Amino acid sequence: MSARLIIAIGLAGVVGFGAGVGWTRWQMSAAQATGGNAVQPSSDDARRERREKFFGGDTDRNIRGGQELKPRW
């Protein structure tokens, strides 16, 4: 590889990394400015309920061991 290609790849990596760090910091500051804790439930009961809703799945489906029970035709 030529030295110019290596320098160009290195420079592109540094610029990309810097852009990623800047983006994450901007997202964090925007979340703090809008009250980022508004999404988080305040009590343990609310957290448990939210977790059950998210991971609970579809209560109308009959499942066992992570697999749907499909009829054998």
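Not measured: the values here are computed from a predicted model.

Here we look at the overall build of the protein
Then comes step 1: Summing up its helical and strand segments, the protein has 2 helices and 2 strands in all.
Then comes step 2: For the protein, the residues scored as buried account for 1% of the 73 residues in total.
Then comes step 3: In the form shown here, the protein has an accessible surface area of approximately 7,300 Å², with 58% of it arising from carbon and sulfur atoms.

A look at the pattern of salt bridges
Then comes step 1: Taken as a whole, this structure holds 3 salt bridges when the rule is applied.
Then comes step 2: Where Lys 53 meets Glu 49, a salt bridge forms, and the shortest distance between an N and an O atom there is 4.0 Å. You can see Lys 53 and its partner Glu 49 sitting in helix 2 (residues 44-56), 4 residues apart, about one turn around the helix.
Then comes step 3: Glu 49 gets classed as partly exposed once you look at its relative accessible area, which sits at 44%.

Side note on the packing of aromatic side chains
Then comes step 1: Counted under the stated rule, the structure contains 2 aromatic pairs.
Then comes step 2: Ring centres of Trp 23 and Trp 26 lie 5.1 Å apart, and the angle between their planes is 40°; this geometry places the pair in the tilted category. Taken together, the residues span about one helical turn, with Trp 23 and Trp 26 both in helix 1 (residues 3-33) at a distance of 3 residues.
Then comes step 3: With 4.8 Å between their ring centres and 90° between their planes, Phe 54 and Phe 55 make a pair best called edge-to-face. Each member of the pair, Phe 54 as well as Phe 55, carries the same accessibility label: exposed.

Digging into a nonpolar patch on the surface
Then comes step 1: Together, Met 1, Leu 5, Ile 6 and Ile 9 give the surface a local cluster of nonpolar side chains, amounting to about 460 Å² of exposed area.
Then comes step 2: Note that Ile 9 resides in helix 1.

About the thresholds
Residues numbered from 1 in each chain as written. Predicted model: local features only at pLDDT ≥ 70, side-chain atom pairs only at ≥ 80, totals over all residues. Heavy atoms only, no water. Helix = DSSP H or I, 4+ residues; strand = E, 2+ residues; numbered from the N terminus. Buried < 20%, exposed > 50% of the residue type's maximum accessible area, 1.4 Å probe, protein only. Areas by Shrake-Rupley, 256 points an atom, 1.4 Å probe, with all protein chains shown as cover. Salt bridge = Lys/Arg side-chain N within 4 Å of Asp/Glu carboxyl O. Phe/Tyr/Trp six-rings, centres within 6.5 Å; stacked < 30°, edge-to-face > 60°. Patch = residues over 30% accessible without salt bridge, like charges linked within 9 Å, V, L, I, M, F, W, Y side chains within 5 Å.

Just geometry here; none of it tells us what the structure is for.
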